Amino acid sequence: MTTLIRRVWELVSNRTVSSSESTSSSSSSSCPSETAGFGAFDRVPTDLLMQIARLVGPKEAVKLSVVCRAWRCVVSENELWIFFLKNQKQEEENYWESFAFSETHLRFGYPLQTFSGESPQLSYMGIYGQRVQVPGSVIIDGGSGYCKFGWSKYACPSGRSATFLEFGNVESPLYSRLRHFFVTIYSRMQVKPSSQPVVLSIPICHYDDTESAKASRRQLKEAIYKVLFDMNVPAVCAINQATLALYAARRTSGIVVNIGFQVTSIVPILNGKVIRKVGVEVMGLGALKLTGFLRELLQRNNINFDSLYTVRTVKEKLCYVAEDYEAELSKNTQASFGAGGQGWFTISKERFQTGEILFQPKLAGVRTMGLHQAVALCMEHCHSAELTGDDAWFKTVVLSGGTACLPGLAGRLEKELHGLLPPSVSNGIKVVPPPYGADSAWFGAKMISNLSTFPGPWCMTKKQFRQKSKIKLMW
Ligand SMILES: Nc1ncnc2c1ncn2[C@@H]1O[C@H](COP(=O)(O)OP(=O)(O)OP(=O)(O)O)[C@@H](O)[C@H]1O
C-alpha cells in the first residue's frame, strides 16, 4: 500500500504528461475523455487508480469518486464493483452470481423482464449503494412440515419449527389458524410485525388449473394478506416455494421437483410463472414416507428407535440414492451412526433402499408413479404445449426440499430421464441438486428481499390491499 501511494505521489507531483499520453493511459476506462481541465490524477495510469480503489474498499471508493473526473471514471467502472462483490466477506456462497442474476432478472418484480438479446448494462456502483439501504424483510418459509424463518440480512434462517405439529389443527378456521401461525413466528423472532416487510414462501397447493382451484388459491392468499395487514405488517410478498427455489438456483425457467413433507410436486415454471395449463404433477410420496419406510426396514432387522426423530437423523446422515439399484444390492454398503444416547447402529442396504422408493414407490406399498416417470411426463407435456420456440426452458430440473439433499439423487434422476425420454426431448437435460438444501425457498426469498428495488415492485402494501388492488397470483 505504501509503495503504491508513493508511486502515485511521484507520478502526480513530478511527471508531466502530454494530453495524448494521458488519454491512452486511461483507455480502458469507459469514461469519455474531456479535453479541458485535467486534474492531477488524470496523469496517473487508470490501472494504478483501480488498484488503489480496490485497496480502499467500497465506502472509501465512493468518496474518491467525487474528487475529480479521473477518480469518477475509475470508481464507476463495473469491473471495480464486481471485484468488491466477489471479495466481499459474505457467508453466502456465490454472492456475486446471485447479485448479478437477481438484479438482472428480478429487479422489476413480477411479471419478470425477459430479454430477447443481450441483457441491459447495469451500473453496479449505483445498485450496490441502493442495496445497502434496502430495509430487508422478515422471511417465512411456511413449509407444510417445517417452517423456516429469519431476517433477510442474516446468512441463513434463524429458526425452524415443526409446522405440522404446532399449526396443524385443520379444524379451526383459516383466519385464526394463520394468525396463530404468524403470531408465533413473530414472537419467536422477537420482532414487531410493523417493523419490516415480509416475504412469504407458500407450498404449492390446489394444483389444478380449474376455476375452483384458482378460487381456493385466491382465498388462501387473501386470508394471508388480511391476517398480516391486521397485524400491521407494512408490506407483504407471497410467492410459491417452487418459484423461490428456482430463483435460488439462479434460474427463471425450468422444472422444480419439490420433495415435500407429504407429497412431491413437479412444477413447470416459465419466466417465473407456474404453467398450470401444462400441469403440476403430484406424487403422494414425501419426506414422512421415507422416514416411516426406513423405520419399517430397521424394525425388520430388530433395530428399534424410541422416536421418529432419531430415524430421521439416521436417514439424513446415512441414506443415499443408488445410481444403479440392482448393482448396489451386491455391494458392501455397511455404515454406522452414533445416535445420541442410544448407541451405535450399523445399517447397510437400508441406506439406499429408503431413497429407492422415490423411483420404485411399490417397495413401500405406495401406488403412484416413480419420480422419473412423473418428471418425464411433465417434460412431455411441456414439449407438446409448444410455449416457446424451443424446449430449452424446461431442460433444467431444479431439486428442492430437504429430502432432495439425498446424495446421488440428482445423478440418478438425470440417468433415468435419459433412459425414458426420446433423445429429441432428453438432449441437454440437467438436474440440479437443491441450491441451498432444505432452505432453498428461503434463499430465493432472501434474493428478492435484498434487491436494490425492494420492497417496491414485489410487495403489496396495506393501502393497496385495502383499495382492493388486484392481488397478483404469483403462485
Ligand atoms: N440431508 C438430508 N438428507 C435426507 N433428508 C433430509 C436431509 N435434510 C433434510 N431432510 C429431510 O427433509 C424433510 C424436511 O424437508 P423440508 O424442510 O423441505 O419440508 P417442508 O418444507 O416442510 O415440505 P413441504 O415442501 O411439503 O412444505 C425432513 O424429513 C428431513 O429429514
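Residues numbered from 1 in each chain as written. Predicted model: local features only at pLDDT ≥ 70, side-chain atom pairs only at ≥ 80, totals over all residues. Heavy atoms only, no water.

1. Points about the sheet that holds strand β5 (residues 235-240)
Our working rule: By this definition, two strands are paired if DSSP reports at least two bridges between them. A run of H or I in DSSP counts as a helix once it spans at least four residues, and a run of E counts as a strand once it spans at least two, with each numbered from the N terminus. In what follows, a contact means two residues having at least one pair of non-hydrogen atoms within 4.5 Å. Angles shown run from 0 to 180 degrees and are taken between the N-to-C directions of axes, each axis being a line fitted to C-alpha atoms and, for helices, limited to the stretch in contact.
Strand order across the open sheet formed by six strands is β3-β2-β1-β4-β5-β14, with mixed pairing between neighbours. Each edge of the sheet is formed by a strand with only one pairing partner; in this case those strands are β3 (159-162) and β14 (460-461). Note that β5 and β14 share two bridges and pair antiparallel. Bridge pairing links Ala235 to Thr461 in β14. Helix α11 (residues 211-230) rests against β4 (198-202), β5 and β14 of the sheet, and its axis sits at about 150° to β5.

2. Examining the packing of helix α17 (residues 371-385) against helix α18 (residues 409-420)
Put simply, the test is: Working definition: roughly parallel below 35 degrees, roughly antiparallel above 145 degrees, roughly perpendicular at 65 to 115 degrees, and oblique for all remaining angles. In this scheme, a crossing is called left-handed if the near helix is turned counterclockwise away from the far one by less than a right angle; it is called right-handed if the turn is clockwise. Polar here means any residue outside two lists: the nonpolar Ala, Val, Leu, Ile, Met, Phe, Trp, Tyr, Cys and Pro, and the charged Asp, Glu, Lys and Arg; Gly therefore counts as polar.
Two elements in contact, α17 and α18, have axes separated by 9 Å at closest approach and are oriented at 55°. The pairing of α17 with α18 is recorded here as oblique in orientation. Once α17 is placed against α18, the crossing between them reads as right-handed. Taking contact as the criterion, the partners of Leu371, His372, Gln373, Val375, Ala376 and Met379 in α17 are, on α18, Leu409, Leu413, Glu416, Leu417 and Leu420. For the contact of α17 with α18, the class distribution of residues is eight nonpolar, two polar and one charged.

3. Concerning the site of the ligand
To keep things clear, this is the line we draw: Near, as used in this document, describes a residue that has one of its heavy atoms within 4 Å of the molecule or strand being considered. Whenever a nitrogen or oxygen atom comes within 3.5 Å of another N or O atom, the pair is scored as a polar contact, on the condition that within protein one atom can donate a hydrogen and the other can accept it, and that pairs from neighbouring residues in sequence are kept only if both atoms are in side chains. For the area figures, the Shrake-Rupley method with a 1.4 Å probe applies, and any residue is considered shielded solely by the protein chains shown. Residue ranges assigned to each domain were obtained from an automatic or database domain assignment.
Not every one of the 18 residues close to the ligand is listed here, only the nearest: Ser144, Gly145, Tyr146, Phe261 and Glu316. Residue Ser144 places a side-chain N or O atom 2.4 Å away from an oxygen atom belonging to the ligand. At a separation of 2.9 Å, an oxygen atom of the ligand approaches a polar side-chain atom of Asn258. Protein contact buries 89% of the 650 Å² of open area that the ligand shows by itself. Counting residues per element, the shell around the ligand draws most heavily on helix α14 (residues 308-318), at three residues. Taken together, the residues of the shell around the ligand sort by class into five nonpolar, nine polar and four charged. Two domains each provide a minimum of three residues to the shell around the ligand, namely domain 2 (138-249 + 439-467) and domain 3 (251-434).

4. A short note on the pattern of salt bridges
Proximity of charged atoms lets side chains of opposite charge pair with each other. To keep things clear, this is the line we draw: Salt bridges are counted wherever a side-chain nitrogen of Lys or Arg sits within 4 Å of a carboxyl oxygen of Asp or Glu. A simple rule labels every residue: compare its accessible area, found with a 1.4 Å probe on the protein chains alone, to the largest value its type can have, and call it buried under 20%, exposed over 50%, or partly exposed in between.
Across all of its chains, the model carries 15 salt bridges by this definition. For Lys63, the salt bridge goes to Glu60, with nearest N and O atoms at 3.2 Å. With a gap of three residues between them, Lys63 and Glu60 both fall in helix α4 (residues 58-64), about one helical turn apart. Residue classification places Glu60 among the partly exposed positions, given a relative accessible area of 35%. Close ionic contact of Glu356 with Arg412 constitutes a salt bridge, the shortest N to O distance being 2.8 Å. Taken together, the positions of Glu356 in helix α16 (residues 350-356) and Arg412 in helix α18 put the pair 56 residues apart, joining distant regions of the chain. Each member of the pair Glu356 and Arg412 is classed as buried. Among the ionic contacts, a cluster of salt bridges with common partners joins Glu103, Arg107 and Arg131.

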